[in-house]
Amino acid sequence: NNTKCIAKARSLFYLINCLCFTDESARKAGFVGIAIGRRVERKSLSFKLLKFNMHLIKDIMPICLRSCHVVYPSPALFYLIWPVVRYVIGKEQRLRWILHNSREEQLIHDLEGYRFHRARLPTDVGGDLEVDAHLWAADRSVKETFLTIVASAEKKNAN
């Protein structure tokens, strides 16, 4: 289970680094996240992972988390886990995390109050934006391969 925690933390850090280093204005402005909590169960959560991710977000990341909206939280997340987490994370972080426990149309309306418009929301939460994780990963792989080749060529030219 510790290996899964590390892998999840690395994935989160990688995604955030991609955002930071591809868009300087985004790095300066910070980011707002949307997390789907539908499948979160008490047994699947690791407080070690939660603690590490909070440390990562608060102290290590080169970008500021402005807020994170958790949509469709599972009953375990909403009624059991969130009250404990709210107590532990402190006021500054607590204000940045918003749980939306409402149905789709109400959720869209609630998120529009935070300037998330339907066109910019993924279809998983009732929006119009099609997100293809496999295509994104393939695109990142091509970009990173190119950057590796360029860095290698620059190193050879420097010698």
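Preceding this section is the structure that the text describes.
This text gives an overview of the structure that appears in the document. It should be emphasised that the depicted structure is a prediction, and the values quoted were computed from it without experimental measurement.

**Brief notes about the nonpolar core**
Logical step 1: Core analysis: the largest hydrophobic core is formed by 18 residues, its most contacted members being M61 and W97.
Logical step 2: Secondary structure elements with two or more residues in this core: helix 1 (2-22), helix 3 (47-60), strand 2 (65-71), helix 4 (75-89) and strand 3 (97-100).
Logical step 3: Here the element with the most residues in this core is helix 4; it accounts for five residues.
Logical step 4: The residues touching M61, leaving out its near neighbours within four places in the chain, are F13, I16, F31 and L56.
Logical step 5: By size, the runner-up hydrophobic cluster in this structure holds eight residues, among which are I108, L111, L121 and V125.

**Observations concerning the pairing of strand 2**
Logical step 1: The buried fraction of strand 2 is high, at six of seven residues.
Logical step 2: As paired elements, strand 1 (residues 31-36) and strand 2 share six bridges and run parallel to each other. Across the sheet, residue I36 finds its bridge partner in strand 2, namely V71.
Logical step 3: In this sheet, strand 3 lies alongside strand 2 in parallel orientation, the contact comprising four bridges. Looking at strand 3, one finds that V71 is bridged to H100.

**Things to note about a nonpolar patch on the surface**
Logical step 1: Taken together, the side chains of Y14, L15 and W136 define a hydrophobic patch exposed on the protein surface, amounting to about 280 Å² of accessible area.
Logical step 2: Among the secondary structure elements, W136 is positioned in helix 7 (residues 133-158).

**Quick notes on the layout of surface pockets**
Rolled over the atoms, a probe sized like a water molecule indicates the empty space that remains.
Logical step 1: When its volume is computed, the largest pocket comes out at roughly 2,200 Å³.
Logical step 2: If you trace the largest pocket, you find 48 residues lining it, with L12, L15, G33, I34 and A35 closest to the centre.
Logical step 3: For the lining of the largest pocket, the element with the highest residue contribution is helix 1, accounting for seven residues.
Logical step 4: What the second largest pocket holds in volume is close to 240 Å³.
Logical step 5: The wall of the second largest pocket is formed by twelve residues, among which L50, K51, M54, V88 and I89 lie closest to the centre.
Logical step 6: Elements represented by at least two residues in the lining of the second largest pocket include exactly helix 3 and helix 4.
Logical step 7: Here the lining of the second largest pocket takes seven residues from helix 3, the largest share from any one element.
Logical step 8: For the lining of the second largest pocket, the residue count by class is seven nonpolar, two polar and three charged.

**Quick word on the sheet that holds strand 2**
Logical step 1: Overall, parallel pairing links the three strands, which are arranged 1-2-3 in an open sheet. Two strands in the sheet have a free side with no partner beyond their single neighbour: strand 1 and strand 3. The sheet shows a mean angle of 20° between the axes of neighbouring strands, taken without regard to direction.

**What to know about the side chain of S102**
Logical step 1: When you line up the elements, S102 lands in the loop between strand 3 and helix 6 (104-112).
Logical step 2: A distance of 3.3 Å separates the side chain of S102 from the side chain of D110, its partner in a polar contact.
Logical step 3: Leave out the neighbours within four places in its chain, and S102 touches Y72, L107 and D110.

**A word on the packing of aromatic side chains**
Logical step 1: Applying the stated rule across the entire model yields two aromatic pairs.
Logical step 2: Seen from their ring centres, Y14 and W136 are 6.3 Å apart, and the 75° between their planes marks the pair as edge-to-face. One end of the pair, Y14, is in helix 1; the other, W136, is in helix 7, with 122 residues separating them in the sequence.
Logical step 3: Residue classification places Y14 among the partly exposed residues on the basis of a relative accessible area of 32%.
Logical step 4: Between F78 and Y79, the ring centres sit 4.9 Å apart and the planes meet at 85°, which makes this aromatic pair edge-to-face.
Logical step 5: Residue Y79 is classed as exposed on the basis of its relative accessible area, which comes to 57%.

Analysis parameters
Residue indices follow the written sequence of each chain, beginning from 1 at its first position. Two thresholds apply to this predicted model, a pLDDT of at least 70 for residue-level local features and 80 or more for giving and counting side-chain atom pairs, whereas whole-chain, interface and lining totals are computed over all residues. Computation of side-chain values: all heavy atoms of the structure, hydrogens and water removed. As used here, the term nonpolar core means buried Ala, Val, Leu, Ile, Met, Phe, Trp, Tyr and Cys residues forming a set that is joined through side-chain atoms within 4.5 Å. Categorising residues by exposure relies on relative accessible area from a 1.4 Å probe, with only protein chains included: less than 20% of the type maximum marks a residue as buried, more than 50% marks it as exposed, and the intermediate range marks it as partly exposed. Counting from the N terminus, the helices are the DSSP runs of H or I reaching at least four residues and the strands are the DSSP runs of E reaching at least two. We call two residues in contact when some of their heavy atoms are within 4.5 Å. In this analysis, strands are considered paired if DSSP registers two or more bridges between them. Distance thresholds for patches are 9 Å for like charges and 5 Å for nonpolar side chains (Val, Leu, Ile, Met, Phe, Trp, Tyr), applied to residues having over 30% relative accessible area and no salt bridge. Each accessible area is a Shrake-Rupley result for a 1.4 Å probe, and residues are judged covered by the shown protein chains and nothing else. Any Lys or Arg side-chain nitrogen found within 4 Å of a carboxyl oxygen on Asp or Glu counts as a salt bridge. A 1.4 Å probe that fits but cannot get out identifies a cavity on a 1 Å grid over protein atoms alone, an open set with protein on both sides within 12 Å along at least five of seven lines counts as a pocket, and a residue lines either if it has an atom within 4 Å of a point. Grid points are joined across faces, edges and corners, and a volume is the space filled by probe spheres set on the points. In this count, Pro and Cys sit with the nonpolar residues alongside Ala, Val, Leu, Ile, Met, Phe, Trp and Tyr, while Asp, Glu, Lys and Arg are called charged and the others, Gly among them, polar. Only C-alpha atoms enter the line fits that serve as axes; for helices the fit covers just the stretch in contact. Angles between N-to-C directions range over 0 to 180 degrees. Any N or O atom pair separated by 3.5 Å or less is treated as a polar contact, with the protein-specific requirement of one donor-capable and one acceptor-capable atom, and with residues adjacent in sequence counted only for side-chain atom pairs. For Phe, Tyr and Trp, rings pair up if their centres lie within 6.5 Å, where Trp contributes its six-membered ring, and each pair is then called stacked (planes under 30 degrees apart), edge-to-face (over 60) or tilted (otherwise).

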